[in-house]
Amino acid sequence: MSHPVAEQPPRSGIDVSTDGGSFLGSLLPRPERRPAPLTDLRDRVALVTGGSRGIGRAVAVRLAQGGARVALNYRDNHDAAQDVLGELKGGGAHAMAVAGDVGQAEDVARVVNAVSQAFGRIDILVNNAGITRDNLLLRMTEEEWDIVLDTNLKSTFLVTRAVLRGMLRQRSGRIVNITSISGVIGNPGQANYAASKAGMIGFTRSVAREVASRGITINAVAPGFIETDIWATTSEQARKAMLELIPLGASGKPEDVAEAVAYLASDAARYVTGQVLHVDGGIAMA
Ligand code: NAP
């Protein structure tokens, strides 16, 4: 069956018709057909755990640039949190900072209540707070295992559970979990960290299936080697070895991860859930 070509609408914003208009004019996109910016986050409230430094800080700034009201959580680095808050408010954003250990249920309840009371709702949750306590397995202590699992994985469970009730009522929400390539490909000396990050991926996929019918998406971002404080204790030799593994040949910046989070938090990603988006210069490409 043939389709009458003349009746088909143009497939892009470029008008290729030649009936009357100038050639240049016909190549320019029609203003009224330009899509709205899809990472527009106005009217959204975001909670970013571990938002006082590194990747969390860049995520808080990026979401605020998209128009979101941003609550950042941190553990105890008050000065760093105030610094980010100053940057956000200086840029005209509505922002707040709440201290609390996200590995502790009572702290999580307090943090989530404070944000809900101040901003009325939470639309975007970024589970970003995380630590490392590297050691070879035979030398790894129970304390090193427990604190990493509590801070990285149990926190994801606690904060997501606390925020989800409101999202279910709203029948909308975006959750983004910051995992790691260590959780995908493993890393010697990081059995505790890799287990916590792999756990976050299983968590993401399970909850994605639980809440999809309520208009809530949950995805993970897996950064590779991103220049933040978390690498401060890494030796020059280990850094060099890691850089050699990166196909794009360089470490990433917190802003690279923040862009991926902004996408997943926005309407542009409304049909994306249960995914792991790698931001790693190609290290873990399948
Ligand atoms: P970072 O610079 O060390 O910052 C960590 C942030 O988490 C800080 O804001 C810190 O708060 C907060 N935090 C730590 N423990 C906490 C707790 N128990 N409760 C609440 N907040 C807590 O780390 P980063 O490099 O930005 O890493 C951020 C996330 O990305 C982590 O989950 C990490 O595993 C992941 N990641 C990082 C890389 C990388 O190369 N950097 C790669 C893969 C994945 P304070 O300021 O109060 O200490």
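Structure's up top.
Presented here is an overview of the structure given in this document. (Residues numbered from 1 in each chain as written. Predicted model: local features only at pLDDT ≥ 70, side-chain atom pairs only at ≥ 80, totals over all residues.)

1. Re the packing of helix α2 (residues 54-65) against helix α9 (residues 254-265)
As a packed pair, α2 and α9 sit with axes 8 Å apart at the nearest point and diverge in direction by 50 degrees. Taken together, the axis directions place α2 and α9 in an arrangement best described as oblique. With respect to the hand of their crossing, α2 and α9 are arranged in right-handed fashion. Of the residues in α9, those touching α2 at G54, I55, R57, A58, V59, R62 and L63 are P254, E255, V257, A258, E259, V261, A262 and A265. (Axes fitted to C-alpha atoms, helices over the stretch in contact; angles between N-to-C directions. Helix = DSSP H or I, 4+ residues; strand = E, 2+ residues; numbered from the N terminus. Parallel < 35°, antiparallel > 145°, perpendicular 65-115°, else oblique. Left-handed = near helix turned anticlockwise from the far one by under 90°. Contact = placed C-beta atoms within 7 Å.)

2. Describing the sheet that holds strand β4 (residues 124-127)
Pairing within the open sheet is parallel, and its 7 strands lie in the order β3-β2-β1-β4-β5-β6-β7. Whereas interior strands pair on both sides, the edge strands pair on one side only; in this sheet they are β3 (95-99) and β7 (276-279). Neighbouring strand axes in the sheet, compared pairwise and without regard to direction, differ in orientation by 20 degrees on average. Where strand β6 (residues 216-223) meets β7, 4 bridges bridge the pair, whose relative direction is parallel. Looking at β7, one finds that A220 is bridged to V276. Along the sheet face, helix α3 (residues 78-90) touches β2 (69-74) and β3 and points at about 170 degrees away from the line of β3. Here α9 sits on the sheet in contact with β1 (45-48), β4, β5 (173-178), β6 and β7, set at roughly 165 degrees to β6. (Pairing = 2+ DSSP bridges.)

3. Side note on the site of the ligand
Around the ligand there are 31 residues in total, and G50, G54, N77, G130 and T228 lie nearest to it. At the level of elements, α2, β2 and α5 (142-170) are the ones that each hand at least two residues to the shell around the ligand. No other element matches α2, which puts 3 residues into the shell around the ligand. Looking at side-chain class alone, the shell around the ligand contains 12 nonpolar, 14 polar and 5 charged residues. (Near = placed C-beta within 6 Å. Nonpolar A, V, L, I, M, F, W, Y, C, P; charged D, E, K, R; others polar.)

4. Here we look at the pairing of β3
Two elements, β2 and β3, share 5 bridges in a ladder whose sense is parallel. Among the inter-strand pairings, Y74 is bridged to a residue of β3, identified as A99. Each parallel crossover has a hand, and for β2 linked through α3 to β3 it is right-handed. (Right-handed = clockwise from strand over helix to strand, strands pointing away.)

5. Topic: the nonpolar core
Among the nonpolar cores identified, the biggest contains 64 residues, and A46, A60, L63, V70, V221 and V261 are the most heavily contacted of them. Ignoring sequence-local partners within four residues, the contact set of L63 consists of L41, A46, A68, V70, I124, A262 and A265. (Core = buried A, V, L, I, M, F, W, Y, C linked by C-beta atoms within 7 Å. Buried ≥ 20, exposed ≤ 12 C-beta atoms within 10 Å, placed from the backbone.)

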